[in-house]
Amino acid sequence: MSSILRTLEFLTLGLWLGSDVFLSFVVAPGAFRVLGSRDAAGTMVGFALGRMHLLGVICGIVFLLARLARTRTFASFVAPVALCVVLMIALTVASQVGVSPRMAMLRVQMGSIQATAQDSPLLAKFGRLHRISVSLESGVLLAGFAALFLLVREVGVGR
């Protein structure tokens, strides 16, 4: 049973990291290159980001539950790998609940990002929120890579 739970830890972490890398480096740039307008691309990426955030939070919770079931101790939640996953969840929730809705509201107020004047205060706010969103996603990726490294190291130490 321990092997199945450990596999579940690796699977959930890998799925979350893989989806984040795929969205960041394939879907988002591709949408802006292929779709006809920045507005359509932004809508598409925003939709995908919301789904990825949901997937990430679910993966994080499953990771922590599998870890708890495998170790049978809440002390495993203060191990560095678990703290990295908790950080990933927190950054993801901050992005989805705090940043994404504000960006969506600004998109509605502007009507079209593409047609909004470059000196618009709304566009400036949107740009600032976008930079925050990218920073949060970068933090998730970094914490995820650290978690994966630490998880692999834990397996090596346990042998």
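Treat the numbers as computed from the prediction; the structure is a model and nothing was measured. (Residues numbered from 1 in each chain as written. Predicted model: local features only at pLDDT ≥ 70, side-chain atom pairs only at ≥ 80, totals over all residues. Heavy atoms only, no water.)

**Considerations on the side chain of Ser19**
The condition that has to hold: Only runs of H or I of at least four residues qualify as helices and only runs of E of at least two qualify as strands under DSSP, and these elements are numbered from the N terminus. Contacts are assigned to residue pairs that have any heavy atoms within 4.5 Å of one another.
Structurally, the position occupied by Ser19 is in helix α1 (residues 2-34). Setting aside residues no more than four positions away along its own chain, Ser19 makes contact with Met52 and Leu55.

**What to know about the environment of Thr71**
Here is the rule: Pairing of N or O atoms within 3.5 Å defines a polar contact, subject to two protein rules: one partner must be a possible hydrogen donor and the other a possible acceptor, and residues neighboring in sequence count only if both atoms are side-chain atoms.
Positionally, Thr71 belongs in helix α2 (residues 38-71). On a C-alpha basis, the gap between Thr71 and Ser2 in space is 8.5 Å, while along the polypeptide they are 69 residues apart. Separated by 2.9 Å, the side chains of Thr71 and Ser76 make a polar contact.

**Some remarks on the confidence of the model for the protein**
Test applied: As a per-residue quantity, pLDDT reports the predictor's confidence and falls between 0 and 100.
Looking at the protein as a whole, the pLDDT averages 95, with 98% of positions reaching at least 70. At the level of individual helices and strands, the protein shows its lowest average pLDDT in helix α4 (residues 121-158), which scores 94, and its highest in helix α3 (residues 80-110), which scores 97.

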